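Each chain, written out:
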Amino acid sequence: MDILEIIDKKRLGKELTRDELFYSIDGFVQGQIPDYQMSSFLMAICINGMTEEEIFSLTDIMLHSGEVVDLSFIPGTKVDKHSTGGIGDKTTLVLAPLVSSLGVFISKMSGKGLGYTGGTIDKLASIDGLQTSISKEDLEKQIQSIGVVIAAQTGNLVPADKKLYALRDVSGTTSSIPLIATSIMSKKLASGADKFVIDVKVGNGALMKNLEDARKLATLMVKIGNKYGKKTICLLSAMDEPLGLAVGNGLEVQEAIDTLRGKGPKDLENLVLHLGSYMVHFASGMEIEDAKKQLLQKLYDGSAYNKFLELVKWQHGDVNHIAISSQTKEFISTEMGYIKKVDAEIIGKYVHDLGAGRKREGDTIDYGVGIVLHKKVGDFVKKGESLATIYYTTNIDFSILKEAFVITEQVVSPPQLLYEIITF
Ligand code: URA
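Residues numbered from 1 in each chain as written. Predicted model: local features only at pLDDT ≥ 70, side-chain atom pairs only at ≥ 80, totals over all residues. Heavy atoms only, no water.

### Let's talk about the domain arrangement of the chain
Each assigned domain of the chain is listed here: domain 1 (3–49), domain 2 (79–314) and domain 3 (327–408). Taking only C-alpha atoms, the centre of domain 1 and the centre of domain 3 are 41 Å apart. (Domains from an automatic or database assignment.)

Have a look at this one:
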């Protein structure tokens with residue numbers, strides 16, 4: 001086989017065989033196919049797409065490029081949750097202990113931030129001392145003792161994706177729907193769960209900018225899951241404004257804690273209840289509406305928060321020491337009116353530039369910086385009122401932030417949070 005012939009075949013929009021895909025991916029992972037040829041191959045996929053058969057083969061090849069986690073030590077159905085990534089998305093921090101407080105075992109593997117969307121592992125690292133690199137033995141012990149763990153992905157989980165993702169990031173090939181679907185599903189399948197609940201974010205602060213693309217991605221992921229006999233459901237949720245009020249690692253942990261104590265922003269609470277009720281339904285067969293009611297009770301009677309405290313303690317964190325900068329400035333409105341837009345993408349990039357995210361792998365990040373919004377779409381603001389508090393350490397510049405808020409004289413209704421659910 002010859003990689004140039006394979007690239008040419010894909011350039012002409014022809015279907016590749018499983019052997020050709022294996023030759024390309026395995027050769028790249030082994031270092032025999034250089035970055036420049038793989039970039040060209042990925043670009044041909046971006047332009048011409050992939051057939052379903054190619055997508056299933058690519059997922060399978062990626063899934064088996066490394067370790068496949070065995071969760072058989074956990075009794076019953078194992079459920080995993082994933083988000084395609086958004087601004088202020090701290091749902092895992094609330095969901096894992098909440099769902100676990102209803103007796104569902106949660107062994108969650110999470111990642112670091114990608115681009116300007118944060119990652120759960122970075123958020124958790126803002127809690128002093130908290131460990132997410134957990135050995136297999138400790139992970140099993142923790143699950144058996146308290147029923148929940150949030151750990152960093154092991155180094156050998158889908159190494160093909162690690163290498164491919166790094167290259168996609170620098171070769172303009174991140175937005176391909178088949179490449180996103182195979183990247184996400186190969187990791188989900190390798191993480192050992194039986195059923196998946198996936199939050200597909202839609203909007204300007206998300207990978208999927210419109211509903212049509214989000215539907216395509218969701219449909220593909222459900223089909224891939226079904227192919228392995230692993231029931232998958234995708235919830236399409238809004239990401240035009242940040243989720244909740246806080247954006248930035250430590251600030252988001254604080255907001256997750258508030259939510260676990262029944263005092264969080266309603267959009268975050270609602271999304272968590274939707275995702276959580278499907279997780280409980282998948283694990284126990286409980287009706288969705290009953291699961292939602294029981295989860296709500298666990299949020300308000302302290303059980304979910306207590307479970308979070310147990311998790312933090314087991315993972316050696318000190319919940320009384322969360323990195324939040326003491327230097328703050330208010331971003332004041334110069335107009336009066338209704339908030340028409342709080343641009344998630346601009347806010348995400350702004351917080352990233354404050355130091356909350358990495359520009360390059362290995363960069364250190366500032367866990368204490370970020371933004372807390374005081375107004376969301378549909379709210380009324382007076383001239384001179386604060387739109388947001390900025391938590392910073394070194395630099396602060398409001399010029400970019402001005403673009404994030406659009407204020408109008410007309411009344412604006414609060415936006416829809418959940419668009420649709422895709423499963424079959
Ligand atoms: N998340 C992933 O894991 N992979 C992608 O390609 C995009 C989002």
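### Things to note about the pattern of salt bridges
Pairing between side chains becomes possible if they bear opposite charge and their charged atoms approach one another. Inspection of every chain in the model, using the stated rule, returns 24 salt bridges. Lysine 216 serves as the salt-bridge partner of aspartate 213, at 3.9 Å between the closest nitrogen and oxygen. In this pair, aspartate 213 and lysine 216 are both assigned in helix α10 (residues 211–227), three residues apart and thus about one turn of the helix distant. Here aspartate 213 falls in the partly exposed class, since its relative accessible area comes to 24%. Taken together, the shared-partner salt bridges connect Asp80, Lys108 and Lys188 into one network. (Salt bridge = Lys/Arg side-chain N within 4 Å of Asp/Glu carboxyl O. Helix = DSSP H or I, 4+ residues; strand = E, 2+ residues; numbered from the N terminus. Buried < 20%, exposed > 50% of the residue type's maximum accessible area, 1.4 Å probe, protein only.)

### Let's talk about the packing of helix α5 (residues 91–100) against helix α13 (residues 288–300)
Axis separation between α5 and α13 bottoms out at 10 Å; the angle between their running directions is 105°. Classed by the angle they form, the pair α5 and α13 counts as roughly perpendicular. On α13, the residues touching Val94, Leu98 and Val99 of α5 are Leu295, Lys298 and Leu299. Here the residues of the contact of α5 with α13 are counted per class, giving five nonpolar, no polar and one charged. (Axes fitted to C-alpha atoms, helices over the stretch in contact; angles between N-to-C directions. Parallel < 35°, antiparallel > 145°, perpendicular 65-115°, else oblique. Contact = heavy atoms within 4.5 Å. Nonpolar A, V, L, I, M, F, W, Y, C, P; charged D, E, K, R; others polar.)

### A short note on the site of the ligand
In the vicinity of the ligand, the contacting residues are Tyr165, Arg168, Ile180, Ser183, Ile184, Lys187 and Leu207. With respect to the ligand, the side chain of arginine 168 contributes an N or O atom lying 2.9 Å from an oxygen atom. In this structure, an oxygen atom belonging to the ligand sits 2.4 Å away from a side-chain N or O atom of lysine 187. For the ligand, whose free accessible area comes to 240 Å², the fraction covered by protein is 94%. If one sorts the elements of the shell around the ligand by residue count, helix α9 (residues 177–190) sits on top with four residues. Tallied by class, the residues present in the shell around the ligand amount to four nonpolar, one polar and two charged. (Near = heavy atom within 4 Å. Polar contact = N/O pair within 3.5 Å; in protein donor to acceptor, adjacent residues only side chain to side chain. Areas by Shrake-Rupley, 256 points an atom, 1.4 Å probe, with all protein chains shown as cover.)

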